[in-house]
There are 2 protein chains.
Amino acid sequence: MTERPDQPPITSPRSERVRTVAALAGRSARRKQHRFRIEGPQAVRSLLTHRPELALELLITARAATDHPDLPDLAAAAGIAVHEVEDRILRAMVRETGPESDAPDGTGALVSPQGVLAVGSLPAPDAAGAVTAIGDLPSNRPVTVVVLHEVRDPGNVGTLIRTADAAGADLVVLTRTSADPYAPKAVRASAGSLFHLPVITGAESAELLPALAASDITAAATSGYAPTELFTADLPERIAWILGNEAHGLDEDVVAAAPLAVRIPLAGHAESLNVHTAATVCLFETLRRRRARA
Amino acid sequence: MTERPDQPPITSPRSERVRTVAALAGRSARRKQHRFRIEGPQAVRSLLTHRPELALELLITARAATDHPDLPDLAAAAGIAVHEVEDRILRAMVRETGPESDAPDGTGALVSPQGVLAVGSLPAPDAAGAVTAIGDLPSNRPVTVVVLHEVRDPGNVGTLIRTADAAGADLVVLTRTSADPYAPKAVRASAGSLFHLPVITGAESAELLPALAASDITAAATSGYAPTELFTADLPERIAWILGNEAHGLDEDVVAAAPLAVRIPLAGHAESLNVHTAATVCLFETLRRRRARA
């Protein structure tokens with residue numbers, strides 16, 4: 001492990017550098033610094049393996065460097081600085097406080113980075129980027145796109161990205177009104193999946209449906225009122241699942257604009273599914289069909 | 001709406017009665033009082049409709065009583081007292097503080113009961129109850145049982161019960177080492193499903209597998225190492241999905257003891273699914289098969 005000589009070691013949990021990383025819990029600080037943070041060995045390994053160009057710096061305890069010797073090696077391969085720090089420094093860096101905190105009540109949520117933290121370069125929100133990414137998808141095979149529209153909780157956004165990855169989605173697009181997938185809570189919940197597939201933020205919902213149609217991808221919404229049931233629906237091989245807000249689901253006009261609407265059958269007395277459960281059912285049914293055809 | 005004359009109106013958020021209900025955030029207080037609390041119109045409606053025998057008292061604001069006129073009627077039908085209270089009283093009753101709080105960091109989590117709160121009689125944990133409930137399931141048709149073993153987060157427990165309900169499960173059994181489904185966070189996450197199907201706590205895991213086998217129900221576990229894939233597995237019509245701890249999954253001996261182990265196919269780079277995602281995939285695949293046969 002190498003210490004770059006250009007920065008002194010971080011020894012105080014109240015130092016400016018610690019506060020700068022801690023501030024990345026807030027969206028405005030992320031935008032101002034053009035950075036975000038990644039916590040824990042698994043997520044940092046995914047960053048360094050799949051998106052090394054985003055990595056700026058690795059902070060690691062001596063113990064974690066012994067337990068995860070691949071991480072300093074991956075950081076070196078990515079050409080970024082590695083700083084050995086004490087665990088109390090890392091803990092101070094992930095303490096979330098203040099009005100912009102992702103902690104549920106704005107007070108300090110205690111999470112452990114397990115001795116490993118990386119700082120990454122924040123990809124800019126890009127309305128045009130979503131349209132470009134859809135156009136860049138391969139045109140001659142099945143594709144699965146996930147669109148998160150007004151999903152407001154960063155934890156839900158992260159978990160949805162993790163599930164999209166597991167189900168083999170090719171692209172995740174977040175509309176401008178969704179939570180930030182680069183919030184620490186979202187990064188943690190994604191368990192590294194944020195770096196496994198393209199995730200584009202800042203999309204304009206009005207531009208998405210035409211872009212999907214132009215790429216021969218059918219936008220599909222779930223609705224409790226749809227006459228067609230998911231399990232018996234004719235699902236296109238090129239499909240984009242549009243997932244909506246936690247509390248009120250998708251707006252009626254979004255459902256009406258989507259070429260396909262399906263109903264997830266509910267067998268018990270439950271009135272509805274939460275957005276992540278609905279996404280899981282649709283995405284794994286899509287995967288099941290794809291594998292059955294292969 | 002009727003006020004019972006035997007108790008004075010609750011006017012102070014610092015009164016003994018408010019503190020007694022607030023204390024129900026803690027497991028030991030629930031056990032000592034033999035009570036639990038249910039928040040919000042949807043969950044309280046499920047309680048009063050499906051399990052009225054558990055209801056002890058309804059607390060409701062004037063506005064919520066106007067918005068949800070069925071609730072005082074259902075309470076009257078259940079023969080329980082209805083108390084009109086101010087919203088600030090209800091908010092004080094759901095403020096979670098102290099070391100036993102279900103809030104992630106032990107500080108006051110601010111949740112809104114939306115003007116409606118019920119107090120219910122706490123079903124006692126009952127190791128024999130699980131075996132009895134399994135034996136009581138109908139013997140001549142498909143059944144789906146969900147066993148939660150060492151699921152530690154009350155929010156996960158509640159969400160799993162909601163998903164089990166939606167997928168048409170007949171019974172949920174929690175082993176002694178799982179989180180309490182009567183914790184406020186679990187009750188909220190279950191969105192009423194806690195009252196829609198039998199939920200039995202306090203089971204001894206060693207007694208469950210023989211009881212399931214005696215009722216001709218196949219215990220099934222998920223494992224990343226199982227050679228059989230869920231989507232192509234021969235799933236029995238009478239099945240019990242055993243779901244394990246959030247961090248380390250099921251112990252190897254539990255997987256080895258289950259007659260069936262299946263692997264959920266993962267298509268992307270995700271290393272694993274969280275317990276709720278895995279449960280959703282298994283339970284809705286079970287529902288899909290059941291409906292395809294019907």
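Residues numbered from 1 in each chain as written. Chains lettered and ligands numbered in written order. Predicted model: local features only at pLDDT ≥ 70, side-chain atom pairs only at ≥ 80, totals over all residues. Heavy atoms only, no water.

Section: the domain arrangement of chain A
All names here are of chain A.
Part 1: The domain architecture assigned to chain A consists of domain 1 (16–121) and domain 2 (127–293).
Part 2: Each of domain 1 and domain 2 has a C-alpha centre, and these two points are 28 Å apart.
Part 3: Every contact between the two is made by 18 residues of domain 1 and, on the other side, 15 residues of domain 2.
Part 4: Where domain 1 meets domain 2, there are three salt bridges.
Part 5: With a closest N to O distance of 3.1 Å, R30 and D180 form a salt bridge.
Part 6: Taken together, domain 1 and domain 2 are joined by three residue pairs in polar contact (both at pLDDT 80 or more).
Part 7: Taken together, the elements giving at least two residues each to the side of domain 1 that touches domain 2 come down to helix 2 (27–33), strand 1 (35–39) and helix 3 (41–50). (Domains from an automatic or database assignment. Contact = heavy atoms within 4.5 Å. Salt bridge = Lys/Arg side-chain N within 4 Å of Asp/Glu carboxyl O. Polar contact = N/O pair within 3.5 Å; in protein donor to acceptor, adjacent residues only side chain to side chain. Helix = DSSP H or I, 4+ residues; strand = E, 2+ residues; numbered from the N terminus.)

Some details on the sheet that holds strand 10 (residues 260–262) of chain B
Residue and element names in this part refer to chain B.
Part 1: Spatially, six strands are ordered 7-6-5-9-8-10 in an open sheet, and the strand pairing comes out parallel. Two strands in the sheet have a free side with no partner beyond their single neighbour: strand 7 (199–203) and strand 10. When the angles between neighbouring strand axes are averaged without regard to direction, this sheet yields 25°.
Part 2: Alignment of strand 8 (residues 218–222) against strand 9 (residues 238–243), held across four bridges, turns out to be parallel. (Pairing = 2+ DSSP bridges. Axes fitted to C-alpha atoms, helices over the stretch in contact; angles between N-to-C directions.)

Some thoughts on the side chain of R37(A)
Residues and elements named next belong to chain A.
Part 1: Looking at where R37 falls in the secondary structure, it is placed in strand 1.
Part 2: Engagement of the side chain of R37 in a polar contact is seen with the side chain of E39, the distance being 2.7 Å.
Part 3: At 3.0 Å, the side chain of R37 and the backbone oxygen of M93 are in polar contact.

Description of the pattern of salt bridges
Part 1: Throughout the structure, instances matching the rule amount to 41 salt bridges over all chains.
Part 2: Its salt-bridge partner being R291(A), residue E229(B) comes within 2.5 Å of it at the nearest N-O pair. Residue E229(B) is found in the loop between strand 8 and strand 9, and its partner R291(A) is found in helix 12 (residues 275–293); the two belong to separate chains.
Part 3: For E229(B), a relative accessible area of 14% gives the class buried.
Part 4: The class of R291(A) is partly exposed, set by a relative accessible area of 36%.
Part 5: Linking E237(B) and R293(B) is a salt bridge whose minimum nitrogen-to-oxygen distance equals 2.9 Å. With E237(B) in the loop between strand 8 and strand 9 and R293(B) in helix 12 (residues 275–293), this residue pair connects regions lying 56 residues apart in the sequence.
Part 6: The exposure class assigned to R293(B) is partly exposed, which follows from its relative accessible area of 40%.
Part 7: One salt-bridge network, in which partners are shared between bridges, spans E285(A), R288(A), R289(A), E285(B), R288(B) and R289(B). (Buried < 20%, exposed > 50% of the residue type's maximum accessible area, 1.4 Å probe, protein only.)

Points about the relation of the copies chain B and chain A
Part 1: The transform that puts chain B on chain A rotates by 180° and translates by 0.0 Å along the axis, for an RMSD of 0.0 Å. Here the copies are linked by what is in effect a two-fold axis.
Part 2: A share of 100% of the interface residues of chain B reappears at the interface of chain A, consistent with the copies meeting face to face through the same patch. (Least-squares fit on C-alpha atoms with pLDDT ≥ 70 in both.)

Quick word on the sheet that holds strand 1 (residues 35–39) of chain B
All names here are of chain B.
Part 1: Spatially, the four strands line up as an open sheet ordered 1-4-2-3, and their pairing is mixed. Each of the sheet's edge strands pairs with one partner strand only, and the pair in question is strand 1 and strand 3 (81–84). On average, each strand axis in the sheet is inclined to that of its neighbour by 20°, with strand direction left out of account.
Part 2: In this structure, strand 2 (residues 55–60) lies alongside strand 4 (residues 116–121), joined through five bridges in antiparallel fashion. Each residue of the ladder has a partner; that of I60, found in strand 4, is V116.
Part 3: Set on the sheet, helix 5 (residues 70–78) makes contact with strand 2, strand 3 and strand 4; between it and strand 2 the angle comes to about 155°.

Details of the interface of chain B and chain A
Part 1: Each side of the interface is counted separately: chain B has 38 residues, and chain A has 38 residues.
Part 2: Summed over both partners, the interface of chain B with chain A buries about 3000 Å², with 59% contributed by carbon and sulfur atoms.
Part 3: At the junction of chain B with chain A, the criterion picks out three salt bridges.
Part 4: With its nearest N and O atoms 4.0 Å apart, the salt bridge here joins R288(B) to E285(A).
Part 5: Contributions of two or more residues to the side of chain B that touches chain A are made by helix 3 (41–50), helix 8 (154–166) and helix 12 of chain B.
Part 6: Here the residues of the side of chain B that touches chain A are counted per class, giving 14 nonpolar, 16 polar and eight charged. (Buried area = accessible area lost by both parts, 1.4 Å probe. Nonpolar A, V, L, I, M, F, W, Y, C, P; charged D, E, K, R; others polar.)

Considerations on unusual backbone geometry
Part 1: Backbone geometry at D216(A) places phi at a positive 60°, although glycine is not the residue there.
Part 2: Locating D216(A) in the fold gives a position in the loop between helix 10 (205–214) and strand 8 (218–222).

A look at the packing of helix 7 (residues 127–136) of chain B against helix 10 (residues 205–214) of chain B
All names here are of chain B.
Part 1: At a minimum axis separation of 9 Å, helix 7 and helix 10 run at an interaxial angle of 15°. Compared by their axis directions, helix 7 and helix 10 come out roughly parallel. The two elements helix 7 and helix 10 meet at a crossing, and its hand is right-handed. Of the residues in helix 10, those touching helix 7 at A127, A130, V131 and I134 are E207, L208, A211 and L212.
Part 2: A breakdown of the residues in the contact of helix 7 with helix 10 according to their chemical character gives seven nonpolar, no polar and one charged. (Parallel < 35°, antiparallel > 145°, perpendicular 65-115°, else oblique. Left-handed = near helix turned anticlockwise from the far one by under 90°.)

A few points about the pairing of strand 9 (residues 238–243) of chain A
Two faces, one strand: in a regular strand the side chains alternate between the faces of the sheet.
Residue and element names in this part refer to chain A.
Part 1: In terms of burial, strand 9 is largely enclosed, as six of its six residues are buried.
Part 2: Here six bridges tie strand 5 (residues 143–148) to strand 9, and the two strands are oriented parallel to one another. Its bridge partner lying in strand 9, V147 is registered against I242.

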